[in-house]
Amino acid sequence: MIFNFSDFHFPDRPVRLYPDTPEHPWILEVGFGDGRFWPHFAASFPEAPNYLGVEISGTSLLKAERRLRAAGLGNAVLTRLPATPLIREVVPPGALDAIVVNFPDPWPKAGHEEHRLLRVPFFRLAASRLKPGGAVLLTTDHEEYFEFACREAEASGVMAVHLTKSPPPAALETKYARKWRDLGLDPRHARFVPTLPASALASEFPTTAARFPDSEDVPAVPHAILTLPADFAPTAFAKHTARGGVTRDNPDGWTVVLLDLYASLGKDGWVALAHVVEGELTQEVLVGITAREDGSHLVRLSRFGGPVVTPGVKAAVGVLTGWLEGQGARVTHRGY
Ligand SMILES: C[S@@+](CC[C@H](N)C(=O)[O-])C[C@H]1O[C@@H](n2cnc3c(N)ncnc32)[C@H](O)[C@@H]1O
């Protein structure tokens, strides 16, 4: 089943994601590509574990979903997101049996190491989300990235590196495994096993409502009420950027870029398009400005696209409201 980010709870639970099999092991795969690993790996268990697959390519997502459906793997959730925010926001502490990474993008050019997934912050986050006895399983053909990942795991201070000769056979069935095999390259394999219990890292990676409210607990759609100046009729719009929201629980804070403003033909009002960045998580949201009967206007987050109401998304309503104040609007109510 394909999940959008807004379909998850923060954090989520196996009993909600896999209601028929909540007690099965829970395995997460990062960058599943066209989805060949999971049917092979699942078949090596007496009963298929619960699967959470995360991938940034939309084409791969659709290919993998078709493959898993054809294999009859019902207890599988696939999502198109970068791995880090998904693991951090959706997976509760100490919940996963394994995180599988097969043939990650190696970013081989000098100076591009910062784009690599398997660096110290990822290993610390992974250790906070794995069960006792869980592990990160890496298989790659890229010797230099392999050595790099092993060094980073050790430098994380929370992972022991176990080198094993043979990867799980399923990891040799992926598209990239076949590609490198055809070129005569041998993959390397490592298991990274946490040396601390997940609870020891809980404060470093909180999943608290303060940082990221559970979608069920969001009280109201962020909004404001204001009176626009009588002559408000924008004919031009310059991109507007604002930053803020840095707290201990949310060290990245948010960046909101108001990208454009569209006039409505159906209603007396406008719609603003905002780009919201919170660490690796980005969302594009619409915020409406619609006339009320008393002549004031309501500035409100649109539900279009199912945005997750993060601190940054709330801030987008505030940033637009602030921009309108700069155009002469008078705010009478703030609900964001
Ligand atoms: C080299 S491919 C390997 C695909 C597959 N594992 C295989 O072995 O055939 C790397 C995959 O990781 C995905 N990817 C890269 N960065 C990612 C991230 N931060 N989160 C999730 N997926 C990511 C890419 O879109 C790509 O499909």
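All values derive from a computational prediction rather than experimental measurement. (Residues numbered from 1 in each chain as written. Predicted model: local features only at pLDDT ≥ 70, side-chain atom pairs only at ≥ 80, totals over all residues. Heavy atoms only, no water.)

K.L.:
Mind laying out the sheet that holds strand β1 (residues 2-3), listing which residues take part and the relevant values?
P.N.:
Ordered in space as β1-β4-β3-β2-β5-β6-β8-β7, the eight strands form an open sheet in which the pairing is mixed. Across the chains shown, the open sheet's two edge strands, defined by having one partner strand only, are β1 and β7 (159-164). Pairing analysis gives five bridges linking strand β2 (residues 26-30) to strand β3 (residues 50-55), with the strands arranged parallel. For Trp26, the partnering residue across the bridge sits in β3 and is Asn50. (Pairing = 2+ DSSP bridges. Helix = DSSP H or I, 4+ residues; strand = E, 2+ residues; numbered from the N terminus.)

K.L.:
Account for unusual backbone geometry, with residues named and values stated.
P.N.:
In this chain, Phe10 is followed by Pro11 through a cis amide linkage whose omega measures 0 degrees. Counting through the fold element by element, Pro11 comes out in the loop between β1 and α1 (14-17). Positioned with a positive phi, Phe103 is a non-glycine residue whose angle comes to about 50 degrees. Note on placement: Phe103 falls in the loop between β5 (96-102) and α5 (120-129). In this structure, Trp107 is a non-glycine residue whose phi angle is positive, near 40 degrees.

K.L.:
How would you sum up the UniProt feature "binding site: substrate" (unreviewed entry) in the chain? Please name residues and give values.
P.N.:
On the UniProt side, "binding site: substrate" (unreviewed entry) is annotated at positions that read Lys109 and Asp141 here. As for its placement among the helices and strands, Lys109 is situated in the loop between β5 and α5. Position of Asp141 among the secondary structure elements: in the loop between β6 (130-140) and α6 (143-155). Assessed through its relative accessible area of 17%, Asp141 is described here as buried. What Asp141 contacts, discounting residues up to four positions off in sequence, is Phe103, Trp180, Asp186 and Pro187. (UniProt positions renumbered as here; feature names shortened; annotations may be inferred. Buried < 20%, exposed > 50% of the residue type's maximum accessible area, 1.4 Å probe, protein only. Contact = heavy atoms within 4.5 Å.)

K.L.:
Describe the domain arrangement of the chain, and please don't skip the residues or the numbers.
P.N.:
Split by domain assignment, the chain resolves into domain 1 (2-201) and domain 2 (215-335). Placing a centre on the C-alpha atoms of domain 1 and another on those of domain 2 gives a separation of 36 Å. Each side of the interface is counted separately: domain 1 has 10 residues, and domain 2 has eight residues. Summed over both partners, the interface of domain 1 with domain 2 buries about 750 Å², with 62% contributed by carbon and sulfur atoms. Three residues stand out in domain 1 for area buried against domain 2, namely Phe5, Ser6 and His9, and they jointly supply 47% of the buried area on that side. There are zero salt bridges connecting domain 1 and domain 2. The tally of links from domain 1 across to domain 2 stands at two residue pairs in polar contact (both at pLDDT 80 or more). Classifying every residue of the side of domain 1 that touches domain 2 by side-chain character gives six nonpolar, three polar and one charged. (Domains from an automatic or database assignment. Buried area = accessible area lost by both parts, 1.4 Å probe. Salt bridge = Lys/Arg side-chain N within 4 Å of Asp/Glu carboxyl O. Polar contact = N/O pair within 3.5 Å; in protein donor to acceptor, adjacent residues only side chain to side chain. Nonpolar A, V, L, I, M, F, W, Y, C, P; charged D, E, K, R; others polar.)

K.L.:
Can you explain the nonpolar core? Please cite residues and give values.
P.N.:
One finds Phe8, Leu28, Leu52, Ile99, Met159 and Phe192 to be the most contacted residues of the largest nonpolar core, which totals 45 residues. Mapped onto this core, the elements with two or more residues apiece are β2, β3, α4 (83-90), β5, α5, β6, α6 and β8 (188-194). Element by element, the count of residues in this core is highest for α6, at six residues. Sequence-distant contacts of Met159, defined by excluding residues within four places in its chain, comprise Phe123, Ala126, Ala127, Leu130, Val136, Ala153, Glu154, Phe192, Val193, Pro194 and Thr195. Core analysis: the second largest hydrophobic core is formed by 30 residues, Val276, Val285, Val319 and Trp323 among them. (Core = buried A, V, L, I, M, F, W, Y, C linked by side-chain atoms within 4.5 Å.)

K.L.:
Can you lay out the packing of aromatic side chains for me, pointing to particular residues and giving the numbers?
P.N.:
How two aromatic rings sit relative to each other is set out by the distance from centre to centre and by the angle between their planes. As enumerated under the stated definition, the model contains 13 aromatic pairs in all. Ring plane angle 50 degrees and centroid distance 6.1 Å describe the contact between Tyr145 and Phe148, whose orientation is recorded as tilted. Of the two residues, Tyr145 and Phe148 are both situated in helix α6; the distance of three residues between them amounts to about one turn of the helix. In this structure Tyr145 comes out as buried when scored by relative accessible area, which is 1%. Among the residues examined, Phe148 registers a relative accessible area of 5% and is labelled buried. In textbook terms, an aromatic cluster arises when at least three aromatic residues are bridged by ring pairs, as seen for Phe37, Trp38, Phe41, Phe45 and Tyr51. Positioned over the ring face of Phe148 is Arg116, at 4.7 Å from the centre of the ring. (Phe/Tyr/Trp six-rings, centres within 6.5 Å; stacked < 30°, edge-to-face > 60°. Lys NZ or Arg CZ within 6 Å of the ring centre and 35° of its normal.)

K.L.:
Give me the UniProt feature "binding site: S-adenosyl-L-methionine" (unreviewed entry) in the chain: which residues, what numbers.
P.N.:
Mapped onto this numbering, the UniProt entry gives "binding site: S-adenosyl-L-methionine" (unreviewed entry) at Glu29, Glu55 and Asp105. Look at the named residues: they lie 77 residues apart in sequence, but the longest C-alpha span between them is just 14.0 Å, so in the fold they bunch up. Mapped onto the secondary structure, Glu29 falls in strand β2. Once you skip the residues sitting within four places of it in the chain, Glu29 turns out to touch Phe37, Trp38, Tyr51, Leu52, Gly53, Val54, Val100 and Asn102. A polar atom in the side chain of Glu29 sits 2.7 Å from the side chain of Tyr51. Mapped onto the elements, Asp105 comes out in the loop between β5 and α5. Look at Asp105 and you get exposed, because its relative accessible area is 54%.

K.L.:
Help me get a handle on the pattern of salt bridges, residues and values and all.
P.N.:
In this structure the tally under the stated criterion is 12 salt bridges. Among the salt bridges present, the one from Glu325 reaches Arg334, with a minimum N-O distance of 3.1 Å. Using a relative accessible area of 44% as the deciding quantity, one classes Arg334 as partly exposed. One network of salt bridges, in which partners are shared, links Asp34, Arg36 and Arg67.

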